[in-house]
There are 2 protein chains.
Amino acid sequence: METTERFIDYVKKMQAYSEAIGLMYWDLRTGAPRKGVNQRSEVIGTLSSEVFAMQTSDELAAMLEEIEKNLETLDPITKETYKKVKKDYEMSKKIPANEYKAFVILTSKSESAWEEAKEKSDFKMFYPYLKEIVETTKRFVSYWGVKDNNPYNTLLDEYEPGMTTEILDEVFGELRNRIVPLAKKIADSPNQPTTDFLFKTFPKDKQKQFSLDILKQLGYDFEAGRLDETVHPFATGLNRGDVRITTKYDENDFRSAIFGTIHECGHALYEQNISEELEGLPLAGGTSMGIHESQSLFYENFVGRNEKFWEHNYARLQAYAPEQFGHIPVEDFLAAINESKSSLIRIEADELTYPLHIMIRYEIEKGLFNGDMKVEDLPQIWNDKYEEYLGVRPSNDAEGILQDVHWAGGAFGYFPSYALGYMYASQLKAAMLKDLPNFDELCATGDLEPVKTWLTEKVHRHGSMKKPLEILTEATGEGLNATYLAEYLEEKYTRLYKLNS
Amino acid sequence: METTERFIDYVKKMQAYSEAIGLMYWDLRTGAPRKGVNQRSEVIGTLSSEVFAMQTSDELAAMLEEIEKNLETLDPITKETYKKVKKDYEMSKKIPANEYKAFVILTSKSESAWEEAKEKSDFKMFYPYLKEIVETTKRFVSYWGVKDNNPYNTLLDEYEPGMTTEILDEVFGELRNRIVPLAKKIADSPNQPTTDFLFKTFPKDKQKQFSLDILKQLGYDFEAGRLDETVHPFATGLNRGDVRITTKYDENDFRSAIFGTIHECGHALYEQNISEELEGLPLAGGTSMGIHESQSLFYENFVGRNEKFWEHNYARLQAYAPEQFGHIPVEDFLAAINESKSSLIRIEADELTYPLHIMIRYEIEKGLFNGDMKVEDLPQIWNDKYEEYLGVRPSNDAEGILQDVHWAGGAFGYFPSYALGYMYASQLKAAMLKDLPNFDELCATGDLEPVKTWLTEKVHRHGSMKKPLEILTEATGEGLNATYLAEYLEEKYTRLYKLNS
C-alpha cells in the first residue's frame, strides 16, 4: 500500500478511537450508572493511551517523514491532515514521556485540590499545585519552543493557531476602553429593568418542549443529533452525523436551559455541517476554540437575544408558561433578558461585561508566563483587577481567584478564546449583513435557514481545513477587529438603557 | 514484567475494547441518531478488528505458550482466564483469515437476503445463502475438530461448553413425550381462559412506572444499570457496575414490556452480581447462553408468572390501569397470562409449548450437520415437524422456516440454549426450594432478596469461572434432568386448565 493510504488509514483509526472515547464521555455525563464509572474510566484510559501511543509512534514518524518528501503532490485534504497530525506529533513527542505522565497525575490531583480549596475558599490549599503546574507548563513551553520571544504565545497557539499577545493586547485594549465606561454608565442609569418575573417556576417538560421548538427553528438536524440533560451542559460532535447537545433545566430560571441550548446549538450546527469529504479524519472538527465559540455566541447573542427573534417566539414562550409571562409585555421581557450588571462570577456574567472577565484572566496568564507575576500574588492581583475593570471586589477566594477550574487542569491560553469567539462572531455578523441585509426580518419570521447556510458556506463546511484567521479574513475581508463588537454593544446597550435620553 | 502480568494486562485491554464496543451497540439500539450510524459502524469495525487481531496475535500465542508451562502454579482466576483465552485463540486461529473474512461478508449479505425473503415469504431467495453458510460452517467444524464423531457437538460446545447431542436427545425426548400430550389435552379442554382484557390500552408511561416498581422489587440495582426503550429488547452487561436493560412498550399488549422487562432483569441480575475479583477480565460475564437464559427464564416464569407474585403485585397493576383491570379478578388475570395455545411463531409461544419450537430447530440443525437433511428440504421438514409436535402447519415460509434470523447469521447450535436454560431454571428452582421452602411466601410479600442471594451464591458470582454443567451439578446435586421442567409444567397446567376435574 502507498504511504499516504497507510497514513490515512492510520489517522482514521486514531479518529475512530477518539469517537469511541467521545461517546463514553457523553454517556458518563448523561446517565451512566454510578457503579460502572470506575471500570468505564479504565476503558477510557486504555483507549486514550492507545491514541497517545499511536500519536507518538515510530511508525507514524516514518510515515510523516516519507510524506513530507512529496508534500507538494498531495491533494489538499491529505496535505492538511498531514499538517495537523504532524503538529500534534511534535507537540506530544517533544515532552518526555515520564514528564507528561507526571503532569497528568499532577493535574488530576490539582483538580481535586482546587475543588476542596474552592469549597473552603482558601487559595493557600491550591497554591502549591498551581505553582507546580505553572512551572511544568513553562518547561513544556521551552520544549515546544517559544514563539516570537513570548512563552505565552506558544500556549495561545495551542488553542487558537496564529493568535499572539500582540494581537490580543490591541483588541482587548480597544474593547476595554469602550466597555468599561459603558458598563459604568449603565450602572449609574436610572433605567434599570425589572427582572423578578424571570425566576418564577417554569416546569422542566415545558422548558424542554420550548427548547426543542427553538432547536428546530435554528436548523439543528435531529436525525444527526439529540438533546439530553446533564449537570454542566456541552455539545459533542462524535461525527458529523451524530452531534449531541446537552442542557440543564433550572425550574426557577428558564434562561439556563433556553440560552444554554441555543449556545450549544451554535456549536452543534458547526459540527453537523462540516463537509462530508472530511468524515473520519481529524479535520472533521472545528478549527479552533475561538471559531467554535464564535458559532455558539453568534446564536446565543445575535439570534437568541435579538429583539426580532423574540417578536417571533415570545407568544410561544408565553403559551408554554402563561402564568409567568402572560401579563409581561415583550419589551419588559427583552429588557430583563438583556440586563447588564457587573458581577464577580464569569459564567453568570452578561453579554456586555463578560469580555472584561476574560481580559482579567488573559492579563494574569500573560503575566505569569512572561515573569511579571508570581503565583502567590494572584489573589491580590485578581481582586484589584476586578475592582478596576468591573467595579466589584471579591470578598473571598471562592468568588475570586478560585472560581474557574481551567488552571487546575493546566489549561493556560484557553480563556482568550471565549472573548475572541465573541469578536469573531460580531465580525461575521457584520459581514453577513452585507449578504443578508434582511437578517432581522429572518429572525422575525423564524426563517433562519439562510443564516445557517451563510455560516456553513463561510465557516462550518471547512472543518479544520483552514486556520482561524484564514476563515475570518476570507469571510469578512479583514483580520481581527474589535470595533464590531464594541459598536454592537454600544448601540444595543445605549438603546436598551436609554443612555442618550 | 512477568508473563502472567503481561498476559492479564493484554486480556484486560481486549476486554476494555469490547466494553467500548458494547456501549456503542447499546447506543445504536437506544437512540443514536440515524445519520451517524455509518460512521459509528466504521468505528465498531475498527475496534472489532483490533480485538480480533489481538485475539490471534503471535504476541498472545507466545504468552499462552509460556504460561502453559507453569499452569499448575497459577492462581485459579488466572488459570481460568488462560483457559478461556486459549480456547478463543484456537477457535479464531484455526480459521484461515481469508475464509473468516469471506464468512463475515457472507453472513452480512445473508441477513439482508433473509430479511427480503421473509418479507416476500420466499425461501428460494434465501436458499443459496443458507446453503453456503451451512457448507462454510461444516468446513469450520472440520478445522475446529469434530467432537465425539458428531460435527454438531462442536457447534453446541461453542454456546454451551460440554453440551452434546447425546445429552440433548435424552432430555428433549423426555420433555417432548410429556409436553405433547399435555398440550393436546389443553387444546381439547373446555376450560379456556378469557384474554380479551389483556389487549386494552395501557399508556406507556404507566407501563414504565410499573416496570420500574417491579425491577426494584426483583433487586435490580439502579446504581449499576438503567432502563431504556428499544425495538428488540435486550440486556447488556458492559461491566458489573453497568448492566443495562431495554424494553419495548406495546400500548395494546402490556405483557410485552412487563414480562420482557422481568426476563431481561434475570439476565441483568446475573451480570450485576458477578464477583468483583473478575472485573475487567473475560470471565466477568455469564458462563454460557444456557445458564444466562436460566436466569432470565427463572425470573420471567417462576417469579413473573407465579400466582403468589401477583397476589402481591396485582393491586398495584390495577392502580396503574384501573379501567383495564379494576373489574378483573386476579384468578382471571392469572389464567389469561398463563394461557397455552399452540402457535407458529416461537417468540410468541407460551411457557408450555415454547420448548417444542426449540426441539424442532434442534432436530433440523442436527440433521443438517450429520448429513441426514438437505437445506433444500427444510421448508417441508419444518412444516411437517410443526404439524407433528404442535398440531399446527405454517401456510407460508415467513411464518415457517424463515421466521428466525439466527441461521442467516450463521448461529447454529445456539437455539438449544433457550430450552436448556428453561430446564436449568427448573432444576435450580427445585434445589432452591430445599433452602427456601417459603419461596411462594417470599413472592407473596415481595421480599425477593433471598431469591437473588441464593442465585448469586450458586450462579451469578462465579461468572465464567465454572462450566455450565459444573454450576448446575454443584447447585442442584445432579446433571441435566428434564423431569423438573416436565413436572412443573404438568402440575401448573393441569391445575390451571382443571384437567383432572
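Worth saying up front: this structure is predicted, and the values here are computed from it rather than measured.

Rules used in this analysis
Residues numbered from 1 in each chain as written. Chains lettered and ligands numbered in written order. Predicted model: local features only at pLDDT ≥ 70, side-chain atom pairs only at ≥ 80, totals over all residues. Heavy atoms only, no water. Salt bridge = Lys/Arg side-chain N within 4 Å of Asp/Glu carboxyl O. Helix = DSSP H or I, 4+ residues; strand = E, 2+ residues; numbered from the N terminus. Buried < 20%, exposed > 50% of the residue type's maximum accessible area, 1.4 Å probe, protein only. Axes fitted to C-alpha atoms, helices over the stretch in contact; angles between N-to-C directions. Parallel < 35°, antiparallel > 145°, perpendicular 65-115°, else oblique. Left-handed = near helix turned anticlockwise from the far one by under 90°. Contact = heavy atoms within 4.5 Å. 1 Å grid on protein atoms, 1.4 Å probe; cavity = no way out; pocket = protein on both sides within 12 Å on 5 of 7 lines; lining within 4 Å. Points joined across faces, edges and corners; volume = space filled by probe spheres on them. Nonpolar A, V, L, I, M, F, W, Y, C, P; charged D, E, K, R; others polar. UniProt positions renumbered as here; feature names shortened; annotations may be inferred. Pairing = 2+ DSSP bridges. Phe/Tyr/Trp six-rings, centres within 6.5 Å; stacked < 30°, edge-to-face > 60°. Lys NZ or Arg CZ within 6 Å of the ring centre and 35° of its normal. Least-squares fit on C-alpha atoms with pLDDT ≥ 70 in both.

As for the pattern of salt bridges
For the structure shown, the criterion picks out 84 salt bridges over all chains. Residues Arg40(B) and Glu19(A) are paired through a salt bridge, measuring 2.8 Å at the closest nitrogen-oxygen approach. Of this pair, Arg40(B) sits in helix α2 (residues 37-55) while Glu19(A) sits in helix α1 (residues 3-30), which puts the two residues in different chains. The partner of Asp404(A) in a salt bridge is Arg361(A), and the shortest N-O contact between them spans 2.6 Å. Here Asp404(A) is found in the loop between α16 (378-390) and α17 (416-435), whereas its partner Arg361(A) is found in helix α15 (residues 354-369), with 43 residues between them in sequence. In this pair, the class of Asp404(A) matches that of Arg361(A), namely buried. Each member of the salt-bridge network shares a partner with another, and the members are Glu19(A), Asp242(A), Arg244(A), Asp27(B) and Arg40(B).

Re the packing of helix α9 (residues 204-218) of chain A against helix α12 (residues 307-320) of chain A
Residue and element names in this part refer to chain A. Their axes nearest at 10 Å, the elements α9 and α12 cross at an angle of 155°. Classified by the angle their axes make, α9 and α12 are roughly antiparallel. Crossing hand, α9 versus α12: right-handed. Every residue of α12 that contacts α9 at Lys206, Gln209, Phe210, Asp213, Ile214, Gln217 and Leu218 is listed here: Phe309, Trp310, His312, Asn313, Arg316, Leu317 and Tyr320.

Regarding empty space enclosed by the protein
Residue and element names in this part refer to chain B. For the coordinates displayed, the defined rule picks out 2 cavities of 30 Å³ or more. Of the pockets and cavities examined, the largest cavity occupies roughly 50 Å³. Across the lining of the largest cavity, the residue classes tally to 4 nonpolar, 1 polar and 2 charged. Lining the second largest cavity are Arg361, Trp382, Ile401, Asp404, Trp407 and Phe415. Grouping the constituent residues of the lining of the second largest cavity by class yields 4 nonpolar, no polar and 2 charged.

What to know about the UniProt feature "active site" (unreviewed entry) in chain A
Residues and elements named next belong to chain A. Here, UniProt's "active site" (unreviewed entry) annotation points to Glu264. Counting through the fold element by element, glutamate 264 comes out in helix α10 (residues 255-272). Beyond its immediate chain neighbours, meaning those up to four positions away, glutamate 264 contacts Pro233, Phe234, Ala235, Ile245 and Thr246.

Focus on the pairing of strand β3 (residues 242-247) of chain A
Residues and elements named next belong to chain A. Taking burial as the measure, the 6 residues of β3 include 6 buried ones, the bulk of the element. Every second residue of β3 is oriented toward a common face, with Asp242, Arg244 and Thr246 on one face and Val243, Ile245 and Thr247 on the other, all of them buried. In this structure, strand β1 (residues 227-229) lies alongside β3, joined through 3 bridges in parallel fashion. Of the residues in β3, the one forming a bridge with leucine 227 is isoleucine 245. Examined bridge by bridge, strand β2 (residues 235-239) and β3 share 4 bridges and lie antiparallel to one another. In the sheet register, threonine 236 faces β3, and the bridge partner there is arginine 244. Hairpin remark: β2 followed by β3, antiparallel, with 2 residues in the connecting loop.

Regarding the packing of aromatic side chains
Scanning all chains against the criterion turns up 73 aromatic pairs over all chains. Between Trp382(A) and Tyr386(A) the ring centres are 5.3 Å apart and the planes differ by 20°, which places this aromatic pair in the stacked class. Of the two residues, Trp382(A) and Tyr386(A) are both situated in helix α16; the distance of 4 residues between them amounts to about one turn of the helix. The class of Tyr386(A) is buried, set by a relative accessible area of 0%. Measuring from centroid to centroid gives 5.4 Å for Phe309(B) and Trp310(B), while their planes differ by 85°, and the two rings are edge-to-face. For the pair shown, Phe309(B) and Trp310(B) are each scored as buried. Positioned over the ring face of Trp26(A) is Arg244(A), at 4.3 Å from the centre of the ring. Positioned above the aromatic ring of Phe415(A) is the side chain of Arg361(A), whose terminal nitrogen or guanidinium carbon lies 5.4 Å from the ring centre.

Quick look at the relation of the copies chain B and chain A
Note on the copies: chain B fits chain A at an RMSD of 0.0 Å, the axial shift is 0.0 Å, and the rotation between them is 180°. Between the two chains, the operation in question is that of a two-fold axis. No C-alpha of chain B approaches the rotation axis more nearly than that of Ala20(B), which lies at 3.3 Å. Same-surface contact between copies: 100% of interface residues of chain B are shared with the interface of chain A.

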